[in-house]
Amino acid sequence: MYVVKSPLSEADLKTVSEALQGALVDLVDLSLVAKQIHWNVVGPRFRSVHLQLDEVVDTARLHSDTVAERASTLGVPPDGRAATVAGSSGIGSAPEGWIKDTEAVATLVSALGAVIARMRERIAATGDADPVSQDVFIGITADLEKHHWMFQAENGGERLGD
């Protein structure tokens, strides 16, 4: 049942709604992971990393609202419930307990990288189906890539897995 009628075709709406729902889940989880680490980070760079994590939380929360409202605009009810987020996020879980500042940064680099990769897939998937939603994904990705760069620089540009 649609309360709001979408201007998109059924096929395009399916593509776009899946992309929006996936983005919502990833953004909600990113905000939770960043906040969990924010509360538990320790080390000589505690303050700068602690504050930087809140910037990621703010960005993720702002964009999650934009994504959810875009879904609603298209007649698709967004689902940001905890069980939905836990069951379908593309981000690994945050470490338990205290986390050293360098490990906190590496964890955020990994989480941001995972979300960015999935956002870029959404950009590609929605280009023909709905350029408006694609534009939303492009803006989100630009903001996340800026955070990704800053966290990589925080650990001296180390590459994970090398």
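Going by the structure above, here's the rest.
In this text, all values refer to a predicted model and were calculated from it rather than measured experimentally.

A.B. asks: What exactly am I supposed to notice about the overall build of the protein here?
C.D. replies: Along its length, the protein carries five helices and two strands. Beginning at the N terminus, the succession of helices and strands in the protein can be written as α-β-α-α-β-α-α. Since a compact globule built from 162 residues should have a radius of gyration of about 15 Å, the 16 Å found for the protein is in line with a globular shape. Dimensions of the protein along its principal axes, counting C-alpha atoms only, are 55 × 25 × 25 Å. Residues counted as buried form 46% of the 162 residues belonging to the protein. The contacts in the protein between residues at least 6 apart in sequence include a share of 82% that link residues at least 24 apart. Once the 14 positive and 23 negative side-chain charges of the protein are each reduced to a mean point, those two points are 2 Å apart.

A.B. asks: Please explain helix α5 (residues 131-154) as it appears in this structure.
C.D. replies: Three or four residues apart is the spacing at which side chains of an α-helix point the same way, because the helix has 3.6 residues per turn. Given a rise of 1.5 Å per residue, 24 residues ought to cover 34 Å, and the 34 Å separating the end C-alpha atoms of α5 matches this to within 8%. The inward-facing, buried residues of α5 contact α1 (10-40), α2 (46-73) and α4 (101-126). Positive backbone phi, at 75 degrees, marks G156, one or two positions downstream of α5.

A.B. asks: When you look at the packing of α1 against α4 in this model, what are you seeing that I'm missing?
C.D. replies: When two helices pack together, you describe them by how their axes are tilted relative to each other and by the distance separating the axes. Two elements in contact, α1 and α4, have axes separated by 10 Å at closest approach and are oriented at 170 degrees. By the angle between their directions, the pair α1 and α4 is classed as roughly antiparallel. For the pair α1 and α4, the contacting residues are T15, V16, A19, G22, A23, D26, L27, L30, A34 and I37 in the first and A104, T107, L108, A111, L112, V115, R118, M119, R122, A125 and T126 in the second. Among the residues forming the contact of α1 with α4, the class breakdown is 14 nonpolar, four polar and three charged.

A.B. asks: Would you mind going over the nonpolar core with me for this structure?
C.D. replies: Most often, soluble globular proteins have nonpolar side chains that are buried together. By size, the foremost hydrophobic cluster in this structure holds 44 residues, and its most contacted members are L30, V67, L108, M119, L144 and F151. Only α1, α2, α4 and α5 provide two or more residues apiece to this core. For this core, the element with the highest residue contribution is α1, accounting for 13 residues. Setting aside residues up to four positions removed in sequence, L30 forms contacts with V56, A60, I91, L108, A111, L112 and L144.

A.B. asks: What is the right way to look at the pattern of salt bridges in this model?
C.D. replies: Pairs may arise between side chains of opposite charge once their charged atoms sit close together. In total, this model carries ten salt bridges according to the counting rule given. Between D26 and R118 there is a salt bridge, with its nearest N and O atoms 2.7 Å apart. Of this pair, D26 sits in helix α1 while R118 is found in helix α4, placing the two residues 92 residues apart along the sequence. D26 gets classed as buried once you look at its relative accessible area, which sits at 0%. A salt bridge links D26 to R122, with the nearest nitrogen and oxygen atoms 3.1 Å apart. Taken together, the residues span a long stretch of sequence, with D26 in helix α1 and R122 in helix α4 at a distance of 96 residues. Each member of the pair, D26 together with R122, is buried.

A.B. asks: Looking at this structure, I do not really get the packing of α2 against α5. What am I missing?
C.D. replies: Two elements in contact, α2 and α5, have axes whose closest approach is 11 Å; the angle formed by their N-to-C orientations is 170 degrees. Taken together, the axes of α2 and α5 are roughly antiparallel relative to one another. Here α2 contributes S48, V49, Q52, L53, E55, V56, T59, H63, T66, V67 and R70 to the contact with α5, which in turn contributes V132, S133, V136, G139, I140, D143, L144, H147, M150, F151 and E154. Here the contact of α2 with α5 is built from residues that sort into ten nonpolar, eight polar and four charged.

What counts and how
The written sequence of each chain sets the order in which its residues are numbered from 1. In view of the model being predicted, local features appear only for residues whose pLDDT reaches at least 70, and side-chain atom pairs are presented and counted only at 80 or more, with totals across whole chains, interfaces and linings using the full set of residues. The side-chain values count all of the structure's non-hydrogen atoms but skip hydrogen atoms and water molecules. What counts as a helix is a DSSP run of H or I of at least four residues, what counts as a strand is a run of E of at least two, and both are numbered from the N terminus. As defined in this context, the radius of gyration uses C-alpha atoms, and a globule is described by 2.2 Å times the residue total to the power 0.38. Note on exposure labels: buried denotes an accessible area under 20% of the residue type's maximum, exposed denotes more than 50%, and partly exposed covers the range between, all computed with a 1.4 Å probe on protein chains only. Any pair of residues with heavy atoms lying within 4.5 Å of one another is described as a contacting pair. Positive charges come from Lys and Arg, negative ones from Asp and Glu, while His and the chain ends are left out of the count. A single reference atom marks each charge: NZ on Lys, CZ on Arg, CG on Asp, CD on Glu. Expected helix span is given by 1.5 Å per residue-to-residue step, counting one fewer step than there are residues. Comment: axis = line fitted to C-alpha atoms, over the contacting stretch for helices; angle = value between 0 and 180 degrees taken between N-to-C directions. Note on terminology: angles under 35 degrees are roughly parallel, angles over 145 are roughly antiparallel, angles of 65 to 115 are roughly perpendicular, and the others are oblique. In this count, Pro and Cys sit with the nonpolar residues alongside Ala, Val, Leu, Ile, Met, Phe, Trp and Tyr, while Asp, Glu, Lys and Arg are called charged and the others, Gly among them, polar. In this text, buried Ala, Val, Leu, Ile, Met, Phe, Trp, Tyr and Cys residues form a nonpolar core when linked through side-chain atoms within 4.5 Å. Definition used for salt bridges: Asp or Glu carboxyl oxygen within 4 Å of a side-chain nitrogen of Lys or Arg.

Shape descriptors only; they carry no functional weight alone.
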